[in-house]
Amino acid sequence: MKKIIFIVLLCSMNIAFSQIKFDGFVKDSIDNFLELANVIALDQETSTLESYAITDEKGYFSLELKKNSTYKIQVSYIGMENLEEIITIQESDVTRDFVLKQYMVLDEVELTYEMPVTVKGDTIVYNADSFQNGSERKLEDVLEKLPGVEINEDGQIEVEGKVVNKLMVNGKDFFDGDTKIATKNIPSNAVDKIQVLRNYSEVGQLRSVTNNTDNVALNIKLKEGKENFWFGNITGGAGYSSAEKGLYLLQPKLFYYSPKFTFNFIGDINNIGEVVLTPRDLRNFGGGFRAPSRASGTDLSLGNNDLGFLTSQNNALAVENKLGASNFSWSPSKSLDISGFAIFNSSLIDSKQASITQYTDSDLGIPNEITDQTSQEKSNQGLLKLSASYQPNANNQLDYDVLSRVSKDSQVQNLLSSVVGNTDQFDETTPYSINQNINYYYTLDENNIFAFEAQHLLRDEDPFYNAILEDKENYKPTADDLGLDPDQQDYNIAQDRRIKANQLDAKLDYYYIINPKSNLNVTLGTILSNQKFKSNLFQFLDDGTEFSPTPTFNDGLVTNDVEYRFSDIYIGAHYRLKAGKFTITPGLSVHSYGNNNTQLGIEFKENFFRIMPDFETRIQFKNSESLTFRYDMRNQFTDVTKLARGLVLNNFSSIQFGEPELQNALSHNLSLLYTSFNLFNYTNVFGRVAYTKNIDQIRNITFFENVINTSTFFNSNFADETATAFGRVQRTFGKVIASVNLNLNYTKINQFIDTRRSVNTGFTQSYTPGIRTNFKKAPNVSVKYNYAIATNNQGTNETTFYTSAPSIDFDAYIWNSLTLRSDYTYTRQTLKGGNSGDFQTWNASLGYRKDRDAKWEYEIVATNLLDIDSKLTNTATNLFVSQSQIFIQPRFITFRLRYEI
């Protein structure tokens, strides 16, 4: 494998550096250099775009061209006459300057090709056809080829290191809340332009007075002929697996766009694991909602009470999925827009995993544990969002959104432990939530703007847990502590929980524009929250009755009935000043906090004031190069479950009870962000370093009975720290794009086991160099090498994991009819002083269509070609290190038929 990658790298670099450089300057008639002039080289023999460039601030351009070839050079600049010239390249570098004249006459040189990349203020526009070679099928395939754009490991779009949270098609929201629906479903042949909207503001009235530097949106412009007509594709398929399992696939993807009305439908029924949105994705699907208090300095947790499914699609033994999703927008008038989406997803996932766990502190006397675990997870989720935006004039805008979600999730697990024995577990929950948002923006005059934002959340969760422990002897010490009845065939324990949340988050902003370079923002806001938590731990007896045990610890408290009320009333002020290249924004907020919880007839109350400062300064070296420093202080408040005094089962081997007098934690957060996108040499640089120090952090005190732990919570007097650094450099050399990613993460955590404190430090390093080609005619190759080192130090014990994962992707469009794609990854993981293991993944597909405009395509897709039955993972936490063998889906071979509408 290493030899193959070396040969590919050598060939790619040879292509990059065997070309001729054609450079020079673009000026006007009085010798002024023209920045951002467009220079295009068209191959005279093939009439295709060979290379392009945009001049820098000194009017300089540079192209990489083939030897012994003739090119038509086209030069253009806004307000100038276009220029065209025939240039013959021999075997040595060529320098040529161009002088453009002021635009004065009507007849001009017609530009045969559009520039692949252009910049219009804060908008970068990519011409999609310039980056496609014919092997692309969906939007994601195009985005991966754009300079400055990345698809990260979670499938999210990143531009200049910033995650894109909003994607539109022809200016209309496309399933607001998750870009993966768009990237994996919009057909590539429908895409004309990809607009990257930097410093994006959804409210035009606030663009000049708010900080939008972290906001990036994408707008997909469709090709002519796609409006007022249905387009998309329908894919159907069947196949064979090495497990002798019948395979099926049906994926209709239909789109309709007109100036006033749009409608999209995406369907997916398959049992091969090709899932657009996982159950975890849907639970985190925000629908575009953002809390009004997100910048206030207050973080209030509502807890996470879902089942915490163990399995992702990539780690599953079997997956069956059904998805139906529709999205619409309607503009009955120029002032009113109505939009929304509906999503239903049903998934069934089987998994199997074998693990060896070693607890890190050798003085604890906890035995090593070998486990075999199987699980089956079922999830049915539904989401519905409706939105309306009314803007009668430029000074008024009213927005309303409502997002509701319901689900029914269940999980059946069987765990065979070398310490505890055999355990059957069952989880079930049917939660629902309704989230409403109303915003009103009013511009009084050119100096005074008002903005009101309010969000209300109603959430109800009801998780149920049941565990049957067959090996009573190994669980007996814990059973005695819980007060279980020992005279039963098994220990059959169960727990009901109910968690309700009702929260209002609202603020009123006033912006006073002092002058074009400075403004003042005053904010009055509040967070009002009410959380209720009930739980009951009980035992099923052999005769079917329920028994309520009385524990021998925690004062015998086994049930919970808690109400937690929280309020934050705050006023904030921020002053924004632009001074040359600097934009400075100091600010502070004054908070009046009140929180109390009531349980067992006792009320625990705390009221206090706190001043929370924040500061930001931004240096804008150029339009596409900046350095930003941020500091803020944040108050972190826990959720109701950590306050509840009664026992709570996280699972049979993890028990907790809360502390009603927990106080808030305080964090200091600093970050430094550098971004640069150079259109002259297509070098994209992104770097971020951040440091967080947590004070009075809520930590666990954990007690062990063999591998079974019981924990409670307290405010630690010892500070925890986190430092991260991330960087990416990407550079284009003609048809070759090289990149290097760096990710460093350091943590210092104080952990408490059996009242004994120890300091746990972790340092993770990840380095990923890569190189890929972007040819229009020749096959394209992408090679990456990921090398990671994860070190975890618990004082008495240190573990280090090494992971190396070279990978190669190949795609080719052959004879204008065949599309061949393949990806291969070899992963090796090693524990320092311990075992090592490796696994390989190889997928491939071959498609045939008569030509690019053909309606029908026939495709064979093979996944896990080597029929690997499992892969390895290593995990290090504060308490243990583990090595796991995760069983995955076998070799699948499917035949597919796709019809383009």
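Look a little higher up for the structure.
I will try to describe carefully the structure that is included in this document.

Thresholds applied
- Residues numbered from 1 in each chain as written.
- Predicted model: local features only at pLDDT ≥ 70, side-chain atom pairs only at ≥ 80, totals over all residues.
- Heavy atoms only, no water.
- Helix = DSSP H or I, 4+ residues; strand = E, 2+ residues; numbered from the N terminus.
- Buried < 20%, exposed > 50% of the residue type's maximum accessible area, 1.4 Å probe, protein only.
- Areas by Shrake-Rupley, 256 points an atom, 1.4 Å probe, with all protein chains shown as cover.
- Salt bridge = Lys/Arg side-chain N within 4 Å of Asp/Glu carboxyl O.
- Polar contact = N/O pair within 3.5 Å; in protein donor to acceptor, adjacent residues only side chain to side chain.
- Pairing = 2+ DSSP bridges.
- Axes fitted to C-alpha atoms, helices over the stretch in contact; angles between N-to-C directions.
- Core = buried A, V, L, I, M, F, W, Y, C linked by side-chain atoms within 4.5 Å.
- Contact = heavy atoms within 4.5 Å.
- Phe/Tyr/Trp six-rings, centres within 6.5 Å; stacked < 30°, edge-to-face > 60°.
- Lys NZ or Arg CZ within 6 Å of the ring centre and 35° of its normal.
- Arc of directions from axis to C-beta.
- 1 Å grid on protein atoms, 1.4 Å probe; cavity = no way out; pocket = protein on both sides within 12 Å on 5 of 7 lines; lining within 4 Å.
- Points joined across faces, edges and corners; volume = space filled by probe spheres on them.
- Nonpolar A, V, L, I, M, F, W, Y, C, P; charged D, E, K, R; others polar.

What follows covers the overall build of the protein. Counting secondary structure elements, the protein contains five helices and 53 strands. For the C-alpha atoms alone, the extent of the protein along its principal axes is close to 95 × 70 × 55 Å. Among the 901 residues that make up the protein, the fraction classed as buried is 51%. Total accessible area on the protein is roughly 40300 Å²; 54% of this is exposed by carbon and sulfur atoms.

To continue, consider the pattern of salt bridges. Tallying each qualifying case throughout the model produces 34 salt bridges. Three or more residues are tied together by salt bridges with common partners; here these are Lys-166, Asp-173, Asp-176, Glu-202 and Lys-385.

Turning next to the side chain of Arg-699. The residue Arg-699 is located in strand 41 (residues 698-705) in this model. Polar side-chain contacts of Arg-699 include one of 3.3 Å to the backbone oxygen of Asn-750.

Bringing the sheet that holds strand 5 (residues 69-76) into the picture now. In any sheet, the strands associate via hydrogen bonds between backbone groups, in a parallel or an antiparallel arrangement. The four strands lie next to each other as 3-2-5-6, forming an open sheet whose pairing is antiparallel. Pairing within the sheet leaves two strands with one partner each, and these edge strands are strand 3 (49-54) and strand 6 (83-89). Each adjacent strand pair in this sheet contributes to an overall mean axis angle of 20 degrees, direction not counted.

Our next topic: the nonpolar core. Tyr-126, Phe-174, Ile-194 and Ile-343 are the most contacted members of the largest nonpolar core, which has 52 residues in total. Residue contributions to this core peak at four residues, all from strand 17 (residues 216-222). Those residues in contact with Ile-343 that lie beyond four places of it in its chain are Phe-175, Ile-181, Leu-282, Phe-285, Leu-323, Gly-324, Ala-325, Gln-381, Gly-382 and Leu-383. With 25 residues, the next largest nonpolar core counts Leu-482, Val-558, Leu-647 and Phe-652 among its residues.

Moving on, we get to the packing of aromatic side chains. Applying the stated criterion to the full structure yields 31 aromatic pairs. Ring centres of Tyr-440 and Tyr-442 lie 6.5 Å apart, and the angle between their planes is 10 degrees; this geometry places the pair in the stacked category. Given the relative accessible area of 30%, Tyr-442 is considered partly exposed. Aromatic side chains Tyr-593 and Phe-637 sit 4.9 Å apart centroid to centroid with 45 degrees between the ring planes, which places their arrangement in the tilted category. Linking Tyr-593 in strand 34 (residues 582-599) with Phe-637 in strand 36 (residues 625-637), this pair joins segments that are 44 residues apart in sequence. One exposure class covers both Tyr-593 and Phe-637, and it is buried. Counting every residue linked through ring pairs, the aromatic cluster contains Phe-174, Phe-175, Phe-231, Phe-255, Tyr-257 and Phe-341. Sitting over the face of the ring of Phe-887, Lys-352 holds its NZ or CZ atom 4.8 Å from the ring centroid. Sitting over the face of the ring of Phe-718, Arg-757 holds its NZ or CZ atom 3.8 Å from the ring centroid.

This part is about helix 5 (residues 472-482). Regarding helix 5, the residues found buried are Tyr-475, Thr-478, Ala-479 and Leu-482. Looking straight down helix 5, one finds that the buried residues subtend no more than 105 degrees of arc, so they occupy a single side. Taken together, the buried residues of helix 5 touch strand 29 (464-469), strand 30 (491-515), strand 31 (518-540), strand 38 (654-656), strand 41 and strand 42 (708-715).

As a further point, take the sheet that holds strand 17. One open sheet accounts for six strands, arranged 9-10-16-17-14-15; its pairing is mixed. Both outer strands of the open sheet, strand 9 (117-120) and strand 15 (172-173), are each paired with one neighbouring strand and no more. Bridging between strand 14 (residues 166-169) and strand 17 involves four bridges; their strand directions are parallel. The residue bridging Lys-166 from the neighbouring strand is Ala-217, located in strand 17.

Our focus in this paragraph is the pairing of strand 43 (residues 720-733). Sheet topology note: the strand 40 (residues 683-695)/strand 43 ladder contains 12 bridges and is antiparallel. Looking at strand 43, one finds that Ala-690 is bridged to Thr-724. Note: strand 43 against strand 44 (residues 736-753), 13 bridges, orientation antiparallel. Across the sheet, the residue bridging to Glu-721 is Lys-748, located in strand 44. Where strand 43 folds back on strand 44, the antiparallel hairpin that results is connected by two residues, among which Gly-734 adopts a positive phi of roughly 65 degrees.

All right, on to the pairing of strand 30 then. The sheet contact formed by strand 28 (residues 448-461) and strand 30 spans 14 bridges and is antiparallel. Looking at the pairing, Asn-448 lines up with Tyr-512 of strand 30. In terms of strand pairing, strand 29 meets strand 30 through six bridges, oriented antiparallel. Bridge assignment links Leu-469 to a residue of strand 30, and that residue is Tyr-491. Here strand 30 pairs with strand 31 via 22 bridges, running antiparallel. Bridge pairing in strand 31 links Asn-502 to Asn-530. Once strand 30 ends, the chain turns through two residues before running back antiparallel as strand 31.

Turning to the environment of Thr-675, a few remarks are in order. Position of Thr-675 relative to the elements: it lies in strand 39 (residues 665-678). With a relative accessible area of 4%, Thr-675 lands in the buried category. Along the chain, Thr-675 and Ile-349 lie 326 residues apart, while their C-alpha atoms are 41 Å from each other. Apart from residues no more than four positions distant in its own chain, Thr-675 is found in contact with Glu-160, Lys-162, Ser-624, Glu-625, Ser-626, Val-685 and Phe-686.

This brings us to empty space enclosed by the protein. Enumeration according to the criterion identifies four cavities of 30 Å³ or more in this entry. Within this model, the largest cavity holds a volume of roughly 110 Å³. Forming the walls of the largest cavity are 15 residues, and the residues nearest its centre are Glu-160, Lys-162, Arg-198, Asn-199 and Arg-618. Residues belonging to the lining of the largest cavity are distributed by class as follows: one nonpolar, eight polar and six charged.

Within the secondary structure layout, Ser-529 lies in strand 31. Taking the C-alpha atoms as reference points, Ser-529 and Asn-750, 221 residues apart in sequence, are found 30 Å from one another. Sequence-distant contacts of Ser-529, that is, excluding residues within four places in its chain, are made with Leu-300, Leu-302, Asn-502, Gln-503, Tyr-564, Arg-565 and Phe-566. At 3.4 Å, the side chain of Ser-529 forms a polar contact with the side chain of Gln-503.

As a further point, take unusual backbone geometry. Glycine aside, residues mostly have negative phi angles, and peptide bonds mostly take the trans form. A positive phi is found at Leu-36, a non-glycine position, where the angle reads about 65 degrees. Relative to the helices and strands, Leu-36 resides in the loop between strand 1 (20-28) and strand 2 (38-43). Positive phi, close to 50 degrees, is recorded for Asn-864, a residue that is not glycine. Its location among the elements puts Asn-864 in the loop between strand 50 (856-863) and strand 51 (870-876).

This part covers the side chain of Asn-669. Looking at where Asn-669 falls in the secondary structure, it is placed in strand 39. Here the side chain of Asn-669 touches Ser-667 through a polar contact of 3.2 Å, side chain to side chain. A polar side-chain atom of Asn-669 sits 3.2 Å from a polar atom in the side chain of Thr-692. Setting aside its immediate chain neighbours within four residues, Asn-669 contacts Arg-630, Tyr-631, Asp-632, Arg-634, Tyr-691 and Thr-692.

Turning our eyes to something else, we now look at the environment of Ile-860. Within the secondary structure, Ile-860 sits in strand 50. For the pair Ile-860 and Tyr-126, spaced 734 residues apart in sequence, the C-alpha to C-alpha distance is 31 Å. Residues in contact with Ile-860, not counting those within four places in the same chain, are Ala-844, Ser-845, Leu-846, Ile-893, Thr-894 and Phe-895.

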